[in-house]
Structure formats: C-alpha cells, structure tokens
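Chain by chain, the residues run as shown.
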Amino acid sequence: VSCTLEPGSTFPVGHTTVTCTATDAHGNSESVSFSVDIALVDSTPPVLSGVPGNISRTTEVPGGRVVNFPTPTASDNVDGPLPATCDRTSGSNFVVGTTTVTCSATDAHGNKGQATFTVTITLVDTTAPVLSNVSADIAKEANGPAGSIVGFTNPTAIDNLDGPLAGVGCLPVSGSTFALGLTTVTCSATDLHGNTGSASFEVTVADTTPPALVIPNSFG
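Scope of this entry: the structure provided in the associated data block.

Side note on the pairing of strand β12 (residues 112–123)
In the case of a regular strand, side chains alternate between the two sheet surfaces.
Point 1. Where strand β5 (residues 55–59) lies against β12, 5 bridges are found, and the strand directions are parallel. The residue of β12 that forms the bridge with Thr58 is Thr122.
Point 2. Two strands pair when backbone bridges link them, and strand β11 (residues 97–106) and β12 are joined in this way by 10 bridges, in the antiparallel orientation. By the bridge assignment, Thr100 is partnered in β12 with Thr118.

Quick notes on the state of the cysteines
Point 1. If you walk through the whole model with that rule in mind, you get 3 disulfides.
Point 2. Cys3 shares a disulfide with Cys20; S-S distance 1.9 Å. Across the S-S bond of Cys3 and Cys20 the torsion is about 105°, and the bridge reads as right-handed. Note that Cys3 is positioned in strand β1 (residues 2–3) and Cys20 in strand β2 (residues 14–23), a separation of 17 residues in sequence.
Point 3. There is a disulfide in this structure between Cys86 and Cys103, and the S-S distance comes to 2.0 Å. Judged by the sign of its S-S torsion, about 100°, the bond between Cys86 and Cys103 is right-handed. Here Cys86, found in strand β9 (residues 85–86), pairs with Cys103, found in strand β11; they are 17 residues apart in sequence, far enough to count as distant. Neither residue differs from the other here; Cys86 and Cys103 are each classed as buried.

Quick look at a nonpolar patch on the surface
Point 1. Taken together, the side chains of Val13, Ile38, Leu40 and Val78 define a hydrophobic patch exposed on the protein surface, amounting to about 320 Å² of accessible area.
Point 2. Mapped onto the elements of the fold, Val13 is located in the loop between β1 and β2.
Point 3. Accessibility expressed as a relative area gives 56% for Val13, which makes it exposed.

Here we look at the sheet that holds strand β3 (residues 29–38)
Point 1. Taken in spatial order, the 3 strands of this open sheet run β1-β2-β3, and their pairing is antiparallel. Of all strands in the sheet, those with a lone pairing partner are β1 and β3, marking the two edges.
Point 2. As paired elements, β2 and β3 share 10 bridges and run antiparallel to each other. Note that in β3 the partner of Cys20 across the bridge is Val32.

Regarding the nonpolar core
Point 1. If you look at the biggest cluster of nonpolar residues, it comprises 17 residues, and the most contacted ones within it are Leu131, Phe152, Phe178, Val185, Cys187, Phe201 and Val203.
Point 2. Residue assignment for this core shows that the elements contributing at least two residues are β20 (181–190) and β21 (196–206).
Point 3. Per-element tally for this core: the top contributor is β21, with 4 residues.
Point 4. The contacts of Cys187, once residues within four sequence positions are left out, are Leu131, Pro155, Val168, Gly169, Cys170, Gly197, Ser198, Ala199 and Phe201.

Each value, and the rule that gives it
Residues numbered from 1 in each chain as written. Predicted model: local features only at pLDDT ≥ 70, side-chain atom pairs only at ≥ 80, totals over all residues. Heavy atoms only, no water. Pairing = 2+ DSSP bridges. Helix = DSSP H or I, 4+ residues; strand = E, 2+ residues; numbered from the N terminus. Disulfide = S-S within 2.5 Å. Buried < 20%, exposed > 50% of the residue type's maximum accessible area, 1.4 Å probe, protein only. Patch = residues over 30% accessible without salt bridge, like charges linked within 9 Å, V, L, I, M, F, W, Y side chains within 5 Å. Areas by Shrake-Rupley, 256 points an atom, 1.4 Å probe, with all protein chains shown as cover. Salt bridge = Lys/Arg side-chain N within 4 Å of Asp/Glu carboxyl O. Core = buried A, V, L, I, M, F, W, Y, C linked by side-chain atoms within 4.5 Å. Contact = heavy atoms within 4.5 Å.

Structure below.
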C-alpha cells in the first residue's frame, strides 16, 4: 500500500487529502482517501536577544544623567524576526537610584516575550564649594609692638549639590592680632561629601608712624 504522503511526513497548516492505493498481481487497484487538518496554534512568545546587562553610572547632577544602551531584537518561532521596544528609550535621563527597564516584543498571535535590565545612577560629589565675597587685601597701621588687631567679614560659600553652606572659617580668625609684615588669611568651607574649597587674601601691618619727640622743659 502506498500513500501520497507517507506516515511521518510534515503536513502543512490547513487541509490535506491523503490517498492510499493497493494493487494486486492482476492489476486490480483499490484506493481510499482521508484528510489531515493542521490548525496553527501559537502559544510560544518571542525570544529577545541583545538585552543589555545591568548598567551602573555615576553623576554629579542631582537630577541624574542620560544613559545610552543598545535596543534588543526579537525572534518568534512562527513570525520570525520582530521589532522589540523598551519602556525607557536609549538616551533617556535616568534619575539617581535604580531603574528597571523592561523590553518586550509581541507576535501576531498576541504572545508577548520580555526581558529586563537595571540602570543604577550613583550620585558622586567631587566638586568643591565655591567661596565668594572674599575680603580684599587689607593694609593696617600697627598700633603696638605686636602689630595690630584686624577685623574682617568671613566669605560666603555655595556648593553645586548642597547649596549655601554655613560655617565658613578663616585662619587667622577675624579680630586676631596680626604681626608686623604680611600675613595670608585662608578661608575654607567643606560640603557634606568632604570636598573643601578655599580662598585667601593678605593682611599687611606696617609701621608708618614716626616717633613722637618729647621736648624737655627749658632751663633758665
């Protein structure tokens, strides 16, 4: 007995008629037919490839930073290559912290395949505060052998992340006795991440006052 399609053949989707025939030694033939119906039922989701691994970046900007990554591709067992999309696009701004990105593809029969990766943004502050309103150089007349007491206003400071900072200190401090000659005053401020900014000015104490002569009383 021979059939138009042998057992074990691959049958296409749809309706196929199979006819089987047997012929005896005297040339008499008999044929019978039956049908094979193959219905396409796709329950397999697409498979994504090229999904990035977890990404870690640093930033000095509190609002986060832009991150680029390759877009994955997808392939389906029935539909073949398919486009894949991610819920966050490459080139988006990612905030400080960890964000999960989900990429997916859906085939023509509604099966959805997806994969995820994370983008972690860490805030790293390496920028020192900036001091402003720094005193101009000061020239002072000595008012004693030790020099002179000099007062000044401490500068202000602002940081790129922490904003205005309190506690700007100067050495020597305002109101100190400055010796004759030139003294450099250094002022500094430190932000919450340990970055220190500084600025300086000079105080010069000079003796420009001539001696005062004491005239003795005249003798007659």
